Amino acid sequence: MTVPKTALVTGASRGIGRAIALELAKRGFDVAVHYGKNREKAEEVAAKIEALGRRALVLGADLADPEAPAGLVAQAEEGLGGLGVLVNNAGITRDNLLIRMKDEEWEEVLRTNLTAAFKLTREAVKRMIRRRAGRVINVASVSGILGPPGQANYAAAKAGLIGFTRSVAKEYARRGVTVNAVAPGFIETDMTAALPEAVQKEYLAQIPAGRFGKPEEVAKLVAFLASDDAAYITGQTVCIDGGLTPH
Ligand code: NAP
């Protein structure tokens, strides 16, 4: 079955999510642009999508709030007339060394980066399997594979997302729904701009490609996984990191 050209992208007000929403719109998708705090930025993204001749819906919800994800998929489904693609992109870091890490730093990262994706995927897949068509793409991270120091919470959440992707992919592979993850390396967004210059330099030295990635590069990979051409790919985690992660 052809996947409907409608998508919900979480955390689409900025960074990688914004680029994904715009790339999908360029490829003919109507998009629900989800945001946490930055409604104005989400509205700018929606205006760009509309300028491309596609429909855009702006939906706000704090994904650190355990109750928030519940209504989001239903709103996107209703507003777009059926949901073909869910991109679980919203994410945060709260870096700290283990012995200094507060419960709240651990819990907020797990709730936002992993539990919200579980709840949104559960809601979306229920609907996708009825149509026997759908795509779920989880934005993980190379941190979930490499486990950098200072990121026990983030690495655990992203590794969790990779395992979640594998399990759910197998459950619904016969029902026309694929579930994949992308694992970006160091991508130029607000999230990485917040890192001290010395840390950025240290990362750069380890990247075989000799440069950081751009949100648009991740967006093109996600758009491919969302396409009908990717129908036989499921349960995978694709690193997009300039060669950083060994396999
Ligand atoms: P970013 O520039 O910091 O943007 C984060 C996005 O997530 C924003 O749209 C933000 O919405 C949303 N968000 C954050 N907390 C939220 C919450 N509690 N509720 C709802 N929305 C929330 O981050 P990014 O670099 O684009 O990262 C996007 C994804 O890629 C994340 O999952 C991140 O872990 C992953 N990633 C990034 C990199 C990188 O190098 N940048 C590498 C690997 C993986 P508002 O601004 O509206 O609050």
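Everything that follows concerns the structure shown earlier in this document.
Overview of the structure. (Residues numbered from 1 in each chain as written. Predicted model: local features only at pLDDT ≥ 70, side-chain atom pairs only at ≥ 80, totals over all residues. Heavy atoms only, no water.)

## Here's the deal with helix α6 (residues 152-172)
Item 1. Along its 21 residues, α6 runs 30 Å from first to last C-alpha, staying within 8% of the 30 Å computed at 1.5 Å per residue.
Item 2. Among the residues of α6, Asn153, Tyr154, Ala155, Ala157, Lys158, Leu161, Ile162, Phe164, Thr165, Val168 and Ala169 are the ones counted as buried. (Helix = DSSP H or I, 4+ residues; strand = E, 2+ residues; numbered from the N terminus. Expected span 1.5 Å × (residues − 1). Buried < 20%, exposed > 50% of the residue type's maximum accessible area, 1.4 Å probe, protein only.)

## A word on the environment of Tyr154
Item 1. By the element assignment, Tyr154 lies in helix α6.
Item 2. By relative accessible area, Tyr154 is classed as buried at 8%.
Item 3. Each C-alpha atom of the pair Tyr154 and Glu197 lies 20 Å from the other, and the pair is 43 residues apart in sequence.
Item 4. With near-sequence residues (within four places) excluded, Tyr154 lies in contact with Ile92, Thr93, Val109, Asn113, Ser141, Ser143 and Met191. (Contact = heavy atoms within 4.5 Å.)

## As for empty space enclosed by the protein
Item 1. With the rule as written, the count across this model stands at 1 cavity of 30 Å³ or more.
Item 2. Of the volumes computed, that of the largest cavity is approximately 70 Å³.
Item 3. Lining the largest cavity we find 13 residues, and of these Asn88, Asn89, Ala90, Thr112 and Ala117 sit closest to its centre.
Item 4. At the level of secondary structure, the elements contributing two or more residues to the lining of the largest cavity comprise α4 (103-131) and α6.
Item 5. Residue contributions to the lining of the largest cavity peak at 5 residues, all from α4. (1 Å grid on protein atoms, 1.4 Å probe; cavity = no way out; pocket = protein on both sides within 12 Å on 5 of 7 lines; lining within 4 Å. Points joined across faces, edges and corners; volume = space filled by probe spheres on them.)

## Some remarks on the site of the ligand
Item 1. Close to the ligand lie 33 residues, the nearest being Arg14, Asn38, Asn89, Tyr154 and Thr189.
Item 2. Contacts to the ligand include Ser13, whose side-chain N or O atom sits 2.8 Å from an oxygen atom.
Item 3. Contact distances for the ligand include 2.9 Å between an oxygen atom and a side-chain N or O atom of Lys158.
Item 4. Contact with the protein chains covers 94% of the free accessible surface of the ligand, which is 890 Å².
Item 5. Placement of the ligand is best described as lying within the largest pocket.
Item 6. For the shell around the ligand, the secondary-structure elements that each account for two or more residues are α1 (15-26), β2 (30-35), α6 and α7 (190-193).
Item 7. Residue contributions to the shell around the ligand peak at 3 residues, all from α7.
Item 8. Residues that form the shell around the ligand fall into these classes: 15 nonpolar, 13 polar and 5 charged. (Near = heavy atom within 4 Å. Polar contact = N/O pair within 3.5 Å; in protein donor to acceptor, adjacent residues only side chain to side chain. Areas by Shrake-Rupley, 256 points an atom, 1.4 Å probe, with all protein chains shown as cover. Sits in = over half its atoms within 2 Å of the grid points. Nonpolar A, V, L, I, M, F, W, Y, C, P; charged D, E, K, R; others polar.)

## Describing the layout of surface pockets
Rolling a probe over the atoms, with the probe sized like a water molecule, indicates the empty space that remains.
Item 1. Its boundaries defined by the atoms lining it, the largest pocket holds a volume of some 1,400 Å³.
Item 2. Forming the boundary of the largest pocket are 50 residues, of which Gly91, Ile92, Thr93, Tyr154 and Met191 lie nearest the centre.
Item 3. Listed by contribution, the elements that provide at least two residues to the lining of the largest pocket are α1, α4, α5 (143-146), α6, α7 and α8 (197-206).
Item 4. The element contributing the most residues to the lining of the largest pocket is α8, with 4 residues.
Item 5. Per-class residue counts for the lining of the largest pocket are 22 nonpolar, 19 polar and 9 charged.

## Looking at the packing of aromatic side chains
Item 1. As enumerated under the stated definition, the model contains 2 aromatic pairs in all.
Item 2. Here Phe186 and Phe212 contribute two aromatic rings whose centre-to-centre distance is 3.9 Å and whose plane-to-plane angle is 20°, an arrangement assigned as stacked. On the criterion of sequence distance, the pair formed by Phe186 in the loop between β6 (177-184) and α7 and Phe212 in the loop between α8 and α9 (215-226) is long-range, its members being 26 residues apart.
Item 3. Looking at Phe186, the relative accessible area reads 7%, which means it is buried.
Item 4. Of the residues examined, Phe212 reaches a relative accessible area of 12% and is grouped as buried. (Phe/Tyr/Trp six-rings, centres within 6.5 Å; stacked < 30°, edge-to-face > 60°.)

## Re the environment of Thr178
Item 1. Along the polypeptide, Thr178 turns up in strand β6.
Item 2. Looking at Thr178, the relative accessible area reads 5%, which means it is buried.
Item 3. Between the C-alpha atoms of Thr178 and Arg100, which are 78 residues apart in sequence, the distance is 39 Å.
Item 4. When neighbours within four sequence positions are excluded, Thr178 is seen to be in contact with Gly134, Arg135, Val136, Ala230, Ala231, Ile233 and Thr234.

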